[in-house]
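A closer look at the structure
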Amino acid sequence: MNTEFPRNFLFGAATAATQVEGGDKNNTWYAWAQKEGRIKGGGSPLRGTDHWNRWREDFDLMANMGLTTYRLGLEWSRIEPRPGVFDEGAVARYREMLEYLNARNIKPLVTLFHFSLPRWLKGGFEQPESISVFERFVRYAVDRLGDLVEDWITINEPNVYVVKGYYFGEFPPGKKSFPLAMLVYKHLALAHIRAYNAIHELCPGTRVGVAHHLRVFSPYSPFNPADAAAAKLMKYLFQDAIIECMATGNLVSPIGHNAPYGKGCYQDFFGVNYYTRSAVKAKGFADTVFEDAPVNDLGWEIYPKGLYKLCKEVYKKYRTPIYITENGICDAADSRRSRFIVDHLYQVAKLLDDGVDVRRYYHWTLTDNFEWLEGETARFGLAEVDFETQKRTLRPSGWLYSLISKTHKLP
Ligand code: IFM
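Below is a summary of the structure that appears in this document. (Residues numbered from 1 in each chain as written. Predicted model: local features only at pLDDT ≥ 70, side-chain atom pairs only at ≥ 80, totals over all residues. Heavy atoms only, no water.)

**Let's talk about unusual backbone geometry**
Put simply, the rule is: Here a strand is any run of E in DSSP of at least two residues, a helix any run of H or I of at least four, and the numbering for each starts at the N terminus.
A cis amide bond links Pro-172 with the next residue in sequence, Pro-173, at an omega value of 10°. In this fold, Pro-173 is placed in the loop between helix 7 (158–167) and helix 8 (178–202). Pro-254 follows Ser-253 through a cis peptide bond whose omega is 5°. Assignment of secondary structure puts Pro-254 in the loop between helix 9 (225–248) and strand 6 (270–281). Of note in the backbone geometry, Phe-115 takes a positive phi value of approximately 70° without being a glycine. Structurally, the position occupied by Phe-115 is in the loop between strand 3 (107–113) and helix 6 (130–145). Notably, Asp-292 is not glycine yet its phi reads approximately 65°, a positive angle.

**What about the pairing of strand 11 (residues 391–394)?**
As a reminder, the rule being used: For the exposure calls, accessible area comes from a 1.4 Å probe over protein chains only, and a residue counts as buried if that area is under 20% of its type's maximum, exposed if over 50%, partly exposed in between. For two strands to count as paired, DSSP must find a minimum of two bridges between them.
Burial along strand 11 is one-sided: the face carrying Arg-392 and Leu-394 is buried and the face carrying Lys-391 and Thr-393 is not. Pairing between strand 10 (residues 383–386) and strand 11: 4 bridges, direction antiparallel. Note on strand 11: the bridge partner recorded for Glu-384 is Thr-393. The antiparallel pairing of strand 10 with strand 11 creates a hairpin that spans 4 residues between the two strands, and Gln-390 there sits at a positive phi of about 65°.

**Section: the site of the ligand**
The condition that has to hold: Proximity is defined per residue: if any heavy atom of the residue lies within 4 Å of a molecule or strand, that residue is considered near it. Two N or O atoms form a polar contact when they lie within 3.5 Å of each other; inside protein one atom must be a possible hydrogen donor and the other a possible acceptor, and for residues adjacent in sequence the pair counts only when both atoms belong to side chains. Here the accessible surface of atoms and residues is derived via Shrake-Rupley with a 1.4 Å probe, and residues count as covered only by protein chains that are part of the display.
Around the ligand, the neighbouring residues are Gln-19, His-114, Phe-115, Asn-156, Glu-157, Tyr-275, Trp-300, Glu-326, Trp-364, Glu-371, Trp-372 and Phe-380. Between an oxygen atom of the ligand and a side-chain N or O atom of Trp-364, the distance comes to 3.3 Å. A distance of 2.5 Å separates an oxygen atom of the ligand from a polar side-chain atom of Glu-371. Here the ligand, which alone exposes 280 Å², has 96% of that area covered by the protein.

**Comments concerning a nonpolar patch on the surface**
Formally: Only residues above 30% relative accessible area that lack a salt bridge enter a patch, with like-charged residues linked at up to 9 Å and the nonpolar side chains Val, Leu, Ile, Met, Phe, Trp and Tyr linked at up to 5 Å. A pair is scored as a salt bridge if a Lys or Arg side-chain nitrogen falls within 4 Å of a carboxyl oxygen belonging to Asp or Glu.
Judged by side-chain polarity, Tyr-167, Phe-168 and Phe-178 come together as a nonpolar surface patch covering roughly 300 Å² of accessible area. Tracing the backbone through its elements, the reader meets Phe-178 in helix 8.

**Re the side chain of Arg-360**
Let me state the cut-off plainly: Should any heavy atoms of two residues lie within 4.5 Å, those residues are considered in contact.
With respect to the helices, strands and loops of the structure, Arg-360 is situated in strand 9 (residues 358–364). Since its relative accessible area comes to 5%, Arg-360 is described here as buried. Within the structure, Arg-360 has its side chain in polar contact with the side chain of Asp-151 (distance 3.1 Å). Residues contacting Arg-360, with those up to four places away along its chain left out, are Phe-9, Leu-10, Thr-69, Lys-107, Leu-109, Asp-151, Arg-207, Ile-322, Tyr-323 and Ile-324.

**Some remarks on the nonpolar core**
Filter applied, for reference: To define a nonpolar core, start from buried Ala, Val, Leu, Ile, Met, Phe, Trp, Tyr and Cys residues and group those joined through side-chain atoms within 4.5 Å.
Judged by nonpolar contacts, the single largest core of 121 residues is most densely connected at Phe-125, Phe-134, Tyr-161, Ile-322 and Leu-345. Among the elements that take part in this core, helix 8 stands out by supplying 13 residues, more than any other. Other than its neighbours up to four places away in sequence, Leu-345 contacts Phe-5, Phe-11, Tyr-361, Tyr-401, Ile-404 and Leu-410. If you look at the next biggest cluster of nonpolar residues, it comprises 13 residues, including Ala-14, Ala-16, Tyr-275 and Ala-378.

In structure tokens, the structure reads:
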């Protein structure tokens, strides 16, 4: 098999504004972190990696690593600190960042909504008005930054946002209601379509997609039909239904049953965020891990073949170019990350060999960061961060990834 990547295949790293920038008190995650016990180790996104001030250092690191693309997020609450009031200073900073990236031939891919909302957006995406409010923000951001960006992600991991925030109640707003979760799914799907259309209207030729969190769902006991049925249902409810709504505009059950903005194709690329596989037990509709499976520091199974399986599946169904918008491992000791990278990129090489149009790979993530409920304790970075001094140190796996990006070959 050919383990050389085409010259136009892009290798990059992905981050999210709230996880790295620091300094913003106006977002829902800062508010959520104020209650003791919610975030492991008592962290908050207020510190992050101080990327808001140290972005040049981080971008230089990427340039030295030979990365050619970077996925970054915009903090909505920074850009629009009050409803309809926009902060020109914040946008100017993002412009500076994007210009710096472009000057170094690092193609930006910009995420508009990644788990964190402005605190003033009461009720978040539960309210139908949120669709227009989001569109207003998107239009503003794209109008000011669109000349510097060719690829946009409207929404990151709608399923994780909904399941954690509205079903398990672990993420803000901490609710536990299936009907509400479905309503938020519906509003997110419509918000995506409105944003998709708005971006194309403002910047024709731009590529727009969603970063979907995809998992493999396998029956815990392969010969148990109840486990098999539960795995199928979990997969549909967690990812397949929302993907269909966002990709085609057709709201499918249990999210909806019509196409309010018309059926069509609302994605120019398919963003795949891939980490793990779930071993599903029918009893208790439980999402577990296979015994003896290799796992990361958070207990998630390391299952590279899943990346191949899922990309093949979505490509067959939607025929859109694929960007792997996230793939990474929580591994503080850096003892498994190098292997993880090579094994997953091997699957990407296989996909290319099989004619699947995968165009980019973004490792999650460039530096250690604020990992939501895990705070600063979960280490996903190619570079280690000492949060006290904010010193960045490239890990051995970071050097390896740099070599792969520079040579376009797997070692
Ligand atoms: O840190 C997150 C990211 O924000 C969304 N995808 C999964 C990552 C690791 O948990």
